[in-house]
Amino acid sequence: MDQQRRLVDRFGRVHNNLRISVTDRCNIRCFYCMPAEDVQFLPKQQLLTFEEIERVVRIGVTLGIDRLRLTGGEPLVRRDLPLLVSALSQIPGIADIGLTTNGMLLSELAQPLRQAGLRRLNISLDALDPEVFRRVTRRDGYEQVLAGIEAARKAGFSPIKLNAVSVRGLTEDQIEPFGHLARDTDTVVRFIEFMPLDADSQWQRDRVLTAAEILQRLEHAFGPLRPVAAEGGQVASDGKAPAEDYEFVDGRGRIGLIASVSQPFCASCNRFRVTADGRLRNCLFSHEETDIRELLRGGAEDAVIAQAMLDCIAAKGEGHEINTSRFLQPLRPMYAIGG
Ligand code: SAM
Ligand code: SF4
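What you see is a predicted model, and the numbers here were worked out from it, not measured in a lab.

Undergrad: If you had to explain the overall build of the protein chain to someone new, which residues and values would you point to?
TA: The helix and strand tally for the protein chain stands at 10 helices and 12 strands. The globule rule puts the C-alpha radius of gyration for 339 residues at 20 Å, and the 19 Å found for the protein chain is close to it. Taking the principal axes of its C-alpha atoms as reference, the protein chain extends roughly 60 × 40 × 40 Å. In the protein chain, the share of contacts with a sequence separation of at least 24, taken over all contacts with a separation of at least 6, comes to 74%. On the protein chain, roughly 15300 Å² of surface is accessible, and the fraction owed to carbon and sulfur atoms is 48%.

Undergrad: I'd like a description of the pairing of strand β2 (residues 67-71), backed by residues and values.
TA: The element β2 is largely enclosed, with a buried count of four among its five residues. The pairing of strand β1 (residues 17-21) with β2 spans five bridges and is classified as parallel. Bridging from a neighbouring strand, Ile20 pairs with Leu70 of β2. Note on the crossover from β1 through helix α1 (residues 50-62) to β2: the handedness is right-handed.

Undergrad: Any chance you could break down helix α5 (residues 142-155) for me, citing the residues and the numbers?
TA: In this model α5 runs 20 Å from its N-terminal to its C-terminal C-alpha over 14 residues, within 8% of the 20 Å that 1.5 Å per residue would give. Among all positions of α5, only Tyr142, Val145, Gly148, Ile149, Ala151, Ala152 and Ala155 are buried. Structurally, α5 contributes buried residues whose contacts are with α3 (106-115), β4 (120-124), α4 (130-137) and β5 (160-166). Following α5 by one or two positions, Gly156 has its phi on the positive side, about 110°.

Undergrad: Go over the packing of aromatic side chains, please, and point to the residues and values.
TA: This model, assessed by the stated rule, comprises eight aromatic pairs. Ring centres 5.8 Å apart and planes at 65° place the aromatic pair Phe133 and Tyr142 in the edge-to-face group. With a centroid separation of 6.0 Å and 80° between ring planes, the pair formed by Phe178 and Phe191 is classed as edge-to-face. Taken together, the residues Phe178 in helix α6 (residues 175-184) and Phe191 in strand β6 (residues 187-193) connect sequence positions 13 residues apart.

Undergrad: I'd love a proper account of the site of ligand 1, names of residues and values included.
TA: Every one of the 20 residues lining ligand 1 counts as a neighbour, but Tyr32, Gly73, Glu74, Ser124 and Met195 are closest to it. Contact distances for ligand 1 include 3.3 Å between an oxygen atom and a backbone N or O atom of Thr101. Contact between ligand 1 and Met195: a nitrogen atom at 2.9 Å from a main-chain N or O atom of the residue. Alone, ligand 1 offers 540 Å² of accessible surface; in the complex the protein occludes 95% of this. Mapped by element, the contributors of at least two residues to the shell around ligand 1 are β3 (96-101), β5 and β6. For the shell around ligand 1, the class distribution of residues is nine nonpolar, nine polar and two charged.

Undergrad: Can you break down the state of the cysteines residue by residue, with the values?
TA: Applying the stated criterion across every chain yields a total of zero disulfides. Note on Cys266: no disulfide assigned, nearest cysteine sulfur contributed by Cys283 at a separation of 6.3 Å.

Undergrad: Can you break down the site of ligand 2 residue by residue, with the values?
TA: The local shell around ligand 2 consists of Cys26, Ile28, Cys30, Tyr32, Cys33, Met34, Gly73 and Asn102. Here the residues of the shell around ligand 2 are counted per class, giving six nonpolar, two polar and no charged.

Undergrad: Please give an account of the sheet that holds strand β11 (residues 279-281) that cites residues and values.
TA: Sheet strands associate in pairs through backbone hydrogen bonding, adopting either a parallel or an antiparallel arrangement. The strand order across the open sheet formed by 12 strands is β7-β8-β9-β6-β5-β4-β3-β2-β1-β10-β11-β12, and the pairing between neighbours is mixed. Where the open sheet ends on each side, the last strands, each with one partner, are β7 (225-227) and β12 (290-291). Relative to β2, helix α2 (residues 81-89) is tilted by about 170°, and along the sheet it contacts β1, β2 and β3. Helix-sheet contacts for helix α9 (residues 302-314) involve β10 (271-274), β11 and β12, and the interaxial angle to β11 is about 35°.

Undergrad: An account of the nonpolar core is needed here, citing residue identities and associated values.
TA: Within the largest apolar cluster, 107 residues are counted, with the highest numbers of intra-cluster contacts made by Ile20, Val57, Leu88 and Phe191. Considering each element in turn, this core owes the most residues, seven residues, to α9. Excluding residues that lie within four positions of it along the chain, Leu88 makes contacts with Ile20, Ile53, Glu54, Val57, Leu68, Leu70, Ile94 and Ile97.

Undergrad: Could you give an account of unusual backbone geometry, with specific residues and numbers?
TA: With omega at -10°, the peptide bond leading from Ser158 into Pro159 counts as cis. Turning to its location among the elements, Pro159 is positioned in the loop between α5 and β5. You will see that Arg138, though not glycine, has its phi angle at about 60°, which is positive. The residue Arg138 is located in the loop between α4 and α5 in this model. Exposure remark for Arg138: the relative accessible area of 25% places this residue in the partly exposed category. For Ser201, which is not glycine, the phi dihedral falls at a positive 50°. Turning to its location among the elements, Ser201 is positioned in the loop between β6 and α7 (211-222). On the basis of relative accessibility, which here comes to 49%, the residue Ser201 falls in the partly exposed class.

Analysis parameters
- Residues numbered from 1 in each chain as written.
- Chains lettered and ligands numbered in written order.
- Predicted model: local features only at pLDDT ≥ 70, side-chain atom pairs only at ≥ 80, totals over all residues.
- Heavy atoms only, no water.
- Helix = DSSP H or I, 4+ residues; strand = E, 2+ residues; numbered from the N terminus.
- Rg over C-alpha atoms; globule rule 2.2 N^0.38 Å.
- Contact = heavy atoms within 4.5 Å.
- Areas by Shrake-Rupley, 256 points an atom, 1.4 Å probe, with all protein chains shown as cover.
- Buried < 20%, exposed > 50% of the residue type's maximum accessible area, 1.4 Å probe, protein only.
- Pairing = 2+ DSSP bridges.
- Right-handed = clockwise from strand over helix to strand, strands pointing away.
- Expected span 1.5 Å × (residues − 1).
- Phe/Tyr/Trp six-rings, centres within 6.5 Å; stacked < 30°, edge-to-face > 60°.
- Near = heavy atom within 4 Å.
- Polar contact = N/O pair within 3.5 Å; in protein donor to acceptor, adjacent residues only side chain to side chain.
- Nonpolar A, V, L, I, M, F, W, Y, C, P; charged D, E, K, R; others polar.
- Disulfide = S-S within 2.5 Å.
- Axes fitted to C-alpha atoms, helices over the stretch in contact; angles between N-to-C directions.
- Core = buried A, V, L, I, M, F, W, Y, C linked by side-chain atoms within 4.5 Å.

Quick look at the structure:
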């Protein structure tokens with residue numbers, strides 16, 4: 001590949017990982033992501049079509065993109081999603097496709113997604129207590145998610161990876177039960193710190209249950225955990241994956257900690273994003289976007305769209321600045337960006 005045509009920013013970070021939001025719609029209303037009521041969703045014609053998404057990916061591949069993750073909103077509410085997975089998995093150069101889902105529709109879709117070529121699935125579940133689940137999501141659906149997880153297991157996704165956002169004053173009591181789940185079943189639980197991406201700008205630093213505190217609570221309950229070493233003795237997260245993985249000292253069970261706020265991993269970030277309405281974003285917390293839908297629909301050649309991607313990455317800032325007084329929450333909440 002032509003080294004000049006890679007997605008490298010001013011800080012030398014090489015971007016090979018594209019996160020694609022396929023919709024801003026969702027069937028639940030997590031308080032840290034969406035408003036409770038009256039959400040204004042994008043009209044259908046404003047969403048990138050599957051053909052447009054495929055084209056974006058093909059162009060991205062020429063610039064070094066080889067990993068994709070589909071997200072949203074809730075990606076499974078996008079009609080015919082397995083068709084998109086199938087099309088993307090056949091693009092030469094794409095080594096890996098993942099999907100993040102709230103699990104509500106997995107009972108019907110786990111098998112078709114697997115058949116379409118999906119191999120990596122993350123299911124978001126913040127609580128093992130149905131009442132806490134309801135407080136977080138502002139909807140019923142706990143049993144539905146559990147059924148979805150079971151369907152994913154049956155479809156062959158292994159291990160099951162759960163994402164659990166941790167929020168002080170709400171989910172402390174869920175940490176130990178998740179520890180048991182990680183130890184007793186084929187499940188990796190990844191705890192994520194609460195980030196300032198909620199729709200109501202209610203995020204407060206003191207509601208961030210930090211990775212260090214989560215680790216402390218787990219160690220109090222289960223004894224020491226140790227960072228998981230990959231072959232060659234390095235920590236398993238490859239320095240680019242945000243999760244630091246740990247295993248319980250007896251080797252039974254594994255958890256991940258994603259310390260996005262308390263220990264930002266911006267220095268090794270390899271991701272960029274395209275929103276459901278076709279805006280490139282070089283960071284979750286970015287205040288600038290590049291409209292590639294206009295280019296896609298306006299007859300732009302591939303080279304022009306490639307240049308827009310290169311420019312977007314070239315403009316990437318050093319880090320998210322949450323821990324500085326300069327920080328300003330982005331206008332788009334998480335559901336409208338794509339987590
Ligand atoms: N609807 C899908 C889901 O919930 O898995 C995919 C989209 S969701 C925006 C992607 C991930 O972002 C989920 O794991 C969710 O918990 C996480 N997330 C959303 N808002 C967040 C926030 N403010 N802080 C930390 N994680 C957040
Ligand atoms: Fe929906 Fe996912 Fe946002 Fe929850 S985190 S409201 S499931 S998009």
